[in-house]
Amino acid sequence: MKESVIPREMLYIADEVFFVGTAVEVTPIRSVDHIQVGKGVAGPITRSSRKNSSPSQRHQADRHSWLTSVNAPVAAARR
């Protein structure tokens with residue numbers, strides 16, 4: 001994997017573009033500047049990334065031992 005700065009125009013001709021993050025998990029980007037990206041749907045790389053994302057994001061078992069359990073009581077929310 002390589003991270004680099006790319007010209008905006010490269011996004012227009014990409015086969016797939018997606019967001020990755022804690023809140024968005026793996027979310028396909030359908031268009032950039034109203035220009036459809038690829039077929040306008042999640043492609044194979046996006047689907048594979050979503051499938052293999054952190055188990056905590058998918059609320060599933062941790063098969064890679066990426067998570068550490070913290071057995072601390074959770075305080076009630078305050079208003």
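Residues numbered from 1 in each chain as written. Predicted model: local features only at pLDDT ≥ 70, side-chain atom pairs only at ≥ 80, totals over all residues. Heavy atoms only, no water.

1. A look at the overall build of the protein chain
For the protein chain, the helix and strand inventory stands at three helices and four strands. Moving toward the C terminus, one meets the helices and strands of the protein chain in the order α-β-β-β-β-α-α. When the 79 residues of the protein chain are sorted by exposure, 18% land in the buried category. Taking the intrachain contacts of the protein chain between residues at least 6 apart in sequence as the baseline, contacts between residues at least 24 apart amount to 26%. Looking at the protein chain as shown, the accessible area adds up to about 7,200 Å², and 55% of this sits on carbon and sulfur atoms. (Helix = DSSP H or I, 4+ residues; strand = E, 2+ residues; numbered from the N terminus. Buried < 20%, exposed > 50% of the residue type's maximum accessible area, 1.4 Å probe, protein only. Contact = heavy atoms within 4.5 Å. Areas by Shrake-Rupley, 256 points an atom, 1.4 Å probe, with all protein chains shown as cover.)

2. Comments concerning the pairing of strand β2 (residues 25–28)
Two strands pair when backbone bridges link them, and strand β1 (residues 18–21) and β2 are joined in this way by four bridges, in the antiparallel orientation. Bridge pairing in β2 places F19 opposite T27. Hairpin connection between β1 and β2: a loop of three residues separates the two successive antiparallel strands. (Pairing = 2+ DSSP bridges.)

3. Regarding unusual backbone geometry
A positive phi angle, close to 55°, is found at D33, a residue other than glycine. By the element assignment, D33 lies in the loop between β3 (31–32) and β4 (35–36). The partly exposed category is assigned to D33, whose relative accessible area is 39%. In this structure, H34 takes a positive phi of about 65° despite not being glycine.

4. Concerning the layout of surface pockets
What the largest pocket holds in volume is close to 430 Å³. Around the largest pocket, the lining residues are M1, K2, E3, S4, I6, M10, L11, A14, E16, V17, F18 and I45. (1 Å grid on protein atoms, 1.4 Å probe; cavity = no way out; pocket = protein on both sides within 12 Å on 5 of 7 lines; lining within 4 Å. Points joined across faces, edges and corners; volume = space filled by probe spheres on them.)

5. Considerations on the nonpolar core
The biggest cluster of nonpolar side chains holds five residues, and these are A14, V17, I29, V32 and V37. The contacts of V32, once residues within four sequence positions are left out, are L11, Y12 and V37. (Core = buried A, V, L, I, M, F, W, Y, C linked by side-chain atoms within 4.5 Å.)

6. Quick word on the side chain of T46
For T46, the position within the fold is in helix α2 (residues 44–51). Not counting the four nearest positions on each side in its chain, T46 is found in contact with E16, F18, V26 and P28.

7. A closer look at the confidence of the model for the protein chain
For the protein chain, the average pLDDT comes to 81, and 77% of its residues sit at 70 or higher. Mean pLDDT values for the elements of the protein chain range from 56 in helix α3 (residues 55–58) up to 95 in β4. (pLDDT = per-residue confidence, 0-100.)

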